[in-house]
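Coordinates in review
Spelled out from the first residue to the last, the chains are:
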Amino acid sequence: MKKILITGGAGFIGSHVVRRFVTTYPDYEIVNLDKLTYAGNLENLRDIENQPNYKFVKGDIVDAAFINSLFETEAFDGVIHLAAESHVDRSITNPTEFVMTNVVGTVNLLNAARTYWKDNYGEKRFYHVSTDEVYGTLGEGTDMFTEETAYDPHSPYSASKASSDHFVRAYADTYKMDTVISNCSNNYGSYHFPEKLIPLSINNIKHNKPIPIYGKGENIRDWLWVEDHARAIDVIYHQAESGSTYNIGGHNEWKNIDLIKLLCKIMDRKLGRVEGESEKLITYVTDRAGHDLRYAIDASKLEKNLNWKPSLQFEEGLEKTVDWYLENEAWLNNVTSGNYQHYYEEQYTNR
Ligand SMILES: Cc1cn([C@H]2C[C@H](O)[C@@H](COP(=O)(O)OP(=O)(O)O[C@H]3O[C@H](CO)[C@@H](O)[C@H](O)[C@H]3O)O2)c(=O)[nH]c1=O
């Protein structure tokens, strides 16, 4: 039986990865380590929490002593590291928190792996799940980020992820650890905390609140269904060559404003509103500082080498996502009220 540590498994992408591994690999033992910050929520895993091959551990990757003791007691065969502070706007107001969790936290995990795996590095894999934002920004056009694109991060968030990527590669080179890194584009789907563009807009449209569009809404993002990302992580964890990097993306670029107009149309239909009603909620607000113009991922290495492809068309995925949020009203109400309300409302004041 293989024992895999998944960090950040109660978060948006992490919960989809945990669910996939728990259900696809009944002979693996999956240990989900999560600090349960505002963005981590055990409600995201209710459907699998009683599976015999699943265990949850609450803890902070910044606490080196705790991480060491976890590695000592659990004897992991591999790590899939997703725990991170992930919201660019929050990194602009509180960069240090991002350095602590994303850089120091990653180094603590690497150190524990280095210490407790030292007799069999080659058999134990450390997988760092990262972001396309490490590559910086593209102009409008047809060029894309490849695995060879030089790192050029602009936000404290992307600088922290770039730094942690560098540490992972440095540990592979220096200590000969088996590492892999993937850099993925924007994800969308169920269990996404409504501070990010798509779930925030769904929630605001539902409640007839303004949809804040930064700047002119001309920025471009490349959107991928979160379950396709989880499947890519599965494939990369099991099949990628040691030391490799894989880009993950959907070849699906959208200007923010066009995406929001499509979302408004879907919401009008689902909520029985007259077409055009939700679009009236669009409100242009002050731009994000250092706002990257365009991300576009070339995922051909992953497609060719590991035979992965996105499974869903964006329009279909967006409609499924809207359905999920409308059907899971209790989840949405919970994460926008009570203990979470403060985090949720910071969205409007923190830029
Ligand atoms: C929250 C919000 C965002 N935006 C804009 C900013 C971006 O151009 C675009 C998407 O914003 P966000 O949903 O915050 O996502 P973005 O900054 O692209 O970063 C996401 O995607 C990255 C991958 O590219 C991940 O590494 C990050 O963790 C994740 O947060 O929408 C708005 O116009 N209004 C908003 O209220």
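Before going into details, it helps to say that this report is about the structure given with it. All chains use their own residue numbering, which begins from 1 and follows the written sequence. The predicted origin of the model limits local features to residues at a pLDDT of at least 70 and limits the giving and counting of side-chain atom pairs to 80 or more, whereas totals for whole chains, interfaces and linings rest on all residues. The side-chain numbers reported here are obtained from all heavy atoms of the structure, hydrogens and water having been left aside.

Observations regarding the layout of surface pockets
Site definitions follow a grid-based scheme: protein atoms alone, a 1 Å grid, a 1.4 Å probe that fits but cannot get out for cavities, and for pockets an open set with protein on both sides within 12 Å along at least five of seven lines, plus lining residues having an atom within 4 Å of a point. Grid points are joined across faces, edges and corners, and a volume is the space filled by probe spheres set on the points. By volume, the largest pocket amounts to about 190 Å³. Considering the residues around the largest pocket, the lining is formed by 13 residues, among which H16, R19, R20, E227 and A230 are closest to the centre. For the lining of the largest pocket, the elements supplying multiple residues, two or more each, are helix 1 (12–24) and helix 7 (226–239). We count a stretch as a helix when DSSP gives it H or I for four or more residues in a row; a strand needs E for two or more, and each element gets its number in order from the N terminus. With five residues, helix 1 is the single largest residue contributor to the lining of the largest pocket.

Topic: unusual backbone geometry
Residue A75 is not a glycine yet carries a positive backbone phi of 50°. If you trace the backbone, A75 turns up in the loop between helix 2 (64–74) and strand 4 (78–81). The phi dihedral of K176 falls on the positive side, at around 60°, and the residue is not glycine. Residue placement: K176 occurs in the loop between helix 5 (156–175) and strand 6 (178–184). Remark: exposure states derive from per-residue accessible area (1.4 Å probe, protein chains only) relative to the maximum for the residue type, with buried under 20%, exposed over 50%, and partly exposed in between. Residue K176 is classed as exposed on the basis of its relative accessible area of 58%.

Examining the site of the ligand
Each residue is tested against the molecule or strand, and it is near if at least one of its non-hydrogen atoms lies within 4 Å. The environment of the ligand is formed by 23 residues, the closest being T131, D132, Y157, R288 and H291. One nitrogen or oxygen atom from the main chain of S86 is found 2.7 Å from an oxygen atom belonging to the ligand. Here a polar contact is recorded for every N or O atom pair within 3.5 Å, except that within protein the pair must consist of a potential hydrogen donor and a potential acceptor, and residues adjacent in sequence are included only if both atoms are side-chain atoms. Interatomic distance of 2.9 Å between a side-chain N/O atom of N256 and an oxygen atom of the ligand. Surface accessibility in these figures is a Shrake-Rupley result with a 1.4 Å probe; residues are shielded only by whichever protein chains are displayed. Here the ligand loses 94% of its free accessible area of 690 Å² to cover by the protein chains. Mapped by element, the contributors of at least two residues to the shell around the ligand are helix 6 (197–206) and strand 8 (211–214). With three residues, the top contributor of residues to the shell around the ligand is strand 8. Grouping the constituent residues of the shell around the ligand by class yields nine nonpolar, eight polar and six charged. Residues were grouped as follows: Ala, Val, Leu, Ile, Met, Phe, Trp, Tyr, Cys and Pro as nonpolar; Asp, Glu, Lys and Arg as charged; and all remaining residues, including Gly, as polar.

Here's the deal with the sheet that holds strand 4
Sheet strands line up and pair through hydrogen bonds in the backbone, either parallel or antiparallel. We call two strands paired when DSSP finds no fewer than two bridges between them. Strand order across the open sheet formed by seven strands is 3-2-1-4-5-6-10, with parallel pairing between neighbours. In the strand order of this sheet, the two ends are held by strand 3 (54–58) and strand 10 (245–248), each with one partner. Direction aside, the axes of adjacent strands within the sheet are offset by 20° on average. Two strands pair when backbone bridges link them, and strand 1 (residues 2–7) and strand 2 (residues 28–34) are joined in this way by six bridges, in the parallel orientation. For I4, the partnering residue across the bridge sits in strand 2 and is I30. Lines fitted to C-alpha atoms define the axes here, with helix axes fitted over just the stretch in contact, and angles between the N-to-C directions of these axes take values from 0 to 180 degrees.

Structural notes on the packing of helix 1 against helix 7
Where helix 1 meets helix 7, the closest approach of the two axes is 9 Å, and the angle between their N-to-C directions is 60°. Judged by the angle between their axes, helix 1 and helix 7 are oblique. When you trace helix 1 past helix 7, the crossing you get is right-handed. Touching F12, I13, H16, V17, R20, F21 and T24 of helix 1 are V226, E227, H229, A230, R231, I233, D234, Y237 and H238, all from helix 7. Across the contact of helix 1 with helix 7, the residue classes break down as eight nonpolar, four polar and four charged. What sets the label is the angle itself: under 35 degrees gives roughly parallel, over 145 gives roughly antiparallel, 65 to 115 gives roughly perpendicular, and the rest give oblique. By definition, any crossing whose near helix is turned counterclockwise from its far helix by less than a right angle is left-handed, and any crossing with a clockwise turn is right-handed. Should any heavy atoms of two residues lie within 4.5 Å, those residues are counted as being in contact.

Let's talk about helix 4 (residues 95–116)
Given the number of residues in a helix, its expected span is that number minus one, multiplied by 1.5 Å. In this model, helix 4 (22 residues) spans 31 Å end to end at C-alpha, consistent with the 32 Å of a helix rising 1.5 Å per residue. One axis is fitted to the seven residues ending at the residue and one to the seven starting there. The bend at that residue is the angle between these axes. Along its length, helix 4 shows its largest kink, about 25°, at V104. Of all the residues in helix 4, the buried ones are F98, T101, N102, V103, G105, T106, V107, N108, L109, L110, A112 and A113.

Quick notes on the sheet that holds strand 9 (residues 220–225)
An order of 7-9-11 is seen for the three strands of this open sheet, with the pairing classed as mixed. In this open sheet, the two edge strands, each paired with only one partner strand, are strand 7 (186–188) and strand 11 (253–255). Across this sheet, the average inter-strand angle for adjacent strands is 50°, counted without regard to direction. In the sheet, strand 7 pairs with strand 9 via three bridges, with the strands oriented parallel.

So, the nonpolar core
Residues belong to a common nonpolar core when they are buried Ala, Val, Leu, Ile, Met, Phe, Trp, Tyr or Cys residues joined through side-chain atoms within 4.5 Å. Membership of the largest hydrophobic core comes to 40 residues, with the highest contact counts inside it found for I6, F21, I80, Y127, I236 and I248. Elements that contribute at least two residues to this core include exactly strand 1, helix 1, strand 2, strand 5 (125–131), strand 6, helix 7, strand 10 and helix 9 (300–306). Of all the elements, helix 7 adds the most residues to this core, at six residues. Each residue touching I80, except ones within four places of it in the same chain, is listed here: I4, L5, I6, T7, F21, Y127, V129, I233 and Y237. With 33 residues, the next largest nonpolar core counts Y38, W254, L318 and L332 among its residues.

Some thoughts on the pairing of strand 10
In strand 10, alternate side chains face the same way, and those of T245 and N247 on one face and Y246 and I248 on the other are all buried. Pairing between strand 6 and strand 10: four bridges, direction parallel. Counterpart to N183 in the pairing with strand 10 is N247.

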